[in-house]
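Chain by chain, the residues:
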Amino acid sequence: MRENQLPPVPGSTARLHQLKLIAAARVSAARSTSRQQVTDIVRVTVDDEVDTSTFRAIVADVAPDSLR
């Protein structure tokens, strides 16, 4: 197991919520200034654990208001 990867959380809804919170924290900490930066951060965070529509929804949810 990679050192920076969290252990799986039981239930897909719990894991999805966890991924969204982690992505939001990373976007906030990076003080992202573009949609591409937000997308890249979310892509690294979810690491192929979600489908495309869920990925897009997470990006939309965690993007700062200034980027919406």
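Residues numbered from 1 in each chain as written. Predicted model: local features only at pLDDT ≥ 70, side-chain atom pairs only at ≥ 80, totals over all residues. Heavy atoms only, no water.

(A) Broad picture of the overall build of the chain. Helices and strands together make up the secondary structure of the chain, namely 3 helices and 0 strands. The secondary structure elements of the chain, listed N-terminal to C-terminal, are α-α-α. A total of 68 residues make up the chain; the buried ones form 24% of that total. Expressed as a percentage of contacts within the chain between residues at least 6 apart in sequence, the contacts between residues at least 24 apart total 48%. For the chain, the accessible surface area stands at approximately 4,800 Å², while carbon and sulfur atoms represent 53% of it. (Helix = DSSP H or I, 4+ residues; strand = E, 2+ residues; numbered from the N terminus. Buried < 20%, exposed > 50% of the residue type's maximum accessible area, 1.4 Å probe, protein only. Contact = heavy atoms within 4.5 Å. Areas by Shrake-Rupley, 256 points an atom, 1.4 Å probe, with all protein chains shown as cover.)

(B) How the structure looks around the packing of helix H1 (residues 12-30) against helix H2 (residues 35-46). It is at 9 Å that the axes of H1 and H2 come closest, and there the two elements cross at 140°. Classified by the angle between their axes, H1 and H2 sit oblique to one another. The hand of the H1/H2 crossing is right-handed. Residues Leu19, Ile22, Ala23, Arg26, Val27 and Ala30 of H1 form the contact with H2, whose own contacting residues are Val38, Ile41, Val42, Val44, Thr45 and Val46. Residue composition of the contact of H1 with H2, by class: 10 nonpolar, 1 polar and 1 charged. (Axes fitted to C-alpha atoms, helices over the stretch in contact; angles between N-to-C directions. Parallel < 35°, antiparallel > 145°, perpendicular 65-115°, else oblique. Left-handed = near helix turned anticlockwise from the far one by under 90°. Nonpolar A, V, L, I, M, F, W, Y, C, P; charged D, E, K, R; others polar.)

(C) Examining the side chain of Thr39 more closely. For Thr39, the location among the structural elements is in helix H2. Overall, the relative accessible area of 14% leaves Thr39 in the buried class. Contact partners of Thr39, with chain neighbours within four places excluded, come to Phe55 and Val59.

(D) Spotlight on the packing of H2 against helix H3 (residues 52-62). With their axes 10 Å apart at the nearest point, H2 and H3 run at an angle of 125° to one another. Comparing their axes, H3 and H2 come out oblique. Considering the relative orientation of H2 and H3, their crossing is right-handed. Contacts between H2 and H3 involve Arg35, Val38, Thr39, Val42, Arg43 and Val46 from the former and Phe55, Ile58, Val59, Ala60 and Val62 from the latter. Partitioned by chemical class, the residues of the contact of H2 with H3 number 8 nonpolar, 1 polar and 2 charged.

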